[in-house]
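Chain residues, written in single-letter form:
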Amino acid sequence: MFTIGSLGNTRDERTKPLNWTQPHRVGQKSPNLSRMNKAEVVILNIGGVKYSTSAGTLKRYQDSKLARALEGGDPDFRIANGQIFVDRDGSLFRYILDFLRTRQLDLPSAFSDYDRLAREAEFYNLPFLVELLNQDRLKQRLEILEVRYSLQETYSFFRVFCSCNSTIETLAGRIMVFAEQPGQSWDHSSVQRPLVPIPLQRPSHHDLVFQCGTDYSAGDEFSTRYVSIRPDERKLINGSNVLGLLIDTLLREGFCLISTRTVSPTEKIECYTFERNRRTEHLSTSNGQGEASTNVVHFQAKKSQFRRR
């Protein structure tokens, strides 16, 4: 039988605010982290960078430190201002969280912090992610692209070669060449003759050839040519302008200009060499709860896209 005094003490305990920074012994579950475990949305503070996710996402792999943190049994995590705090790299945690959400590893094409991200994955006890990182590092391919540019008196000649034929295919779909038709009647009040598209030259699957300007030695009816590179709608006749637009397009697509050289001073041929890291596969793991018996790593083909960012 409770006395009035004991009932009052019980009411005080129920309404007393929680001390979020109250320490607990290693191996002992924190009541505050246990409450986080039941929350629909969990706020994480990773080295000062805040993330919001669900408890189910953090418990995707039951043996991970994040899953144990929700149970209050990991000394590296504590509650601060209502958030789960751990003093780790906040910028790299975005890839950790994305992996927990999708069970896939999808890194930017220019990503290079493999060692740091692997250390973070090891800290959170995510061996499947460490394995995928090692595989992705091996699957990287360096893509080489070369632009040869020949500037003549009245026209310019371009030849683009790439180690990846899919990049050439995509470029061929974006580079348009238009030619004037001298033999066709046209309005003399117009500044420019009517233009018709003409196909690019494709010597092989790995290169393409085109030119702009006026080649008086060509001897055919398509002597004056203009070049447009989508999504830019301008039709350029000046070779230097076309070269600048082409270089700008490649840089926007993740290529880095690594060298320029003069191939033939007498023929005025310049060579521009670019490179970029290219991933051809999408890495994922099929296990749902982090159980060793279902740790099957497989590859899903990912379309290589050469799109404007």
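Thresholds, definitions, all that
- Residues numbered from 1 in each chain as written.
- Predicted model: local features only at pLDDT ≥ 70, side-chain atom pairs only at ≥ 80, totals over all residues.
- Heavy atoms only, no water.
- Helix = DSSP H or I, 4+ residues; strand = E, 2+ residues; numbered from the N terminus.
- Buried < 20%, exposed > 50% of the residue type's maximum accessible area, 1.4 Å probe, protein only.

**Student:** Would you take a moment to explain unusual backbone geometry for this structure?
**Tutor:** With the exception of glycine, the majority of residues adopt a negative phi angle, and the majority of peptide bonds are in the trans configuration. Between Arg 230 and Pro 231 the backbone carries a cis peptide bond, its omega angle lying at 5°. Here Pro 231 shows up in the loop between strand 12 (224-229) and helix 9 (239-252). Even without being a glycine, Asn 81 presents a positive backbone phi close to 55°. Counting through the fold element by element, Asn 81 comes out in the loop between strand 3 (78-80) and strand 4 (83-86). The class for Asn 81 is exposed, based on a relative accessible area of 73%. The backbone of Asn 125 sits at a positive phi, close to 60°, despite the residue not being glycine.

**Student:** Would you take a moment to explain helix 5 (residues 93-102) for this structure?
**Tutor:** Residues lying three or four places apart along an α-helix face the same way, a consequence of the helix completing one turn every 3.6 residues. Those residues of helix 5 that fall on the buried side of the exposure criterion are Phe 93, Tyr 95, Ile 96, Leu 97, Phe 99 and Leu 100. Where helix 5 terminates, the next one or two residues include Arg 103, which has phi positive at roughly 60°.

**Student:** Sorry, what's going on with the environment of Pro 127 here?
**Tutor:** Checked against the element boundaries, Pro 127 lands in helix 7 (residues 127-139). The spatial distance from the C-alpha of Pro 127 to the C-alpha of Ser 64 is 9.0 Å, given a sequence separation of 63 residues.

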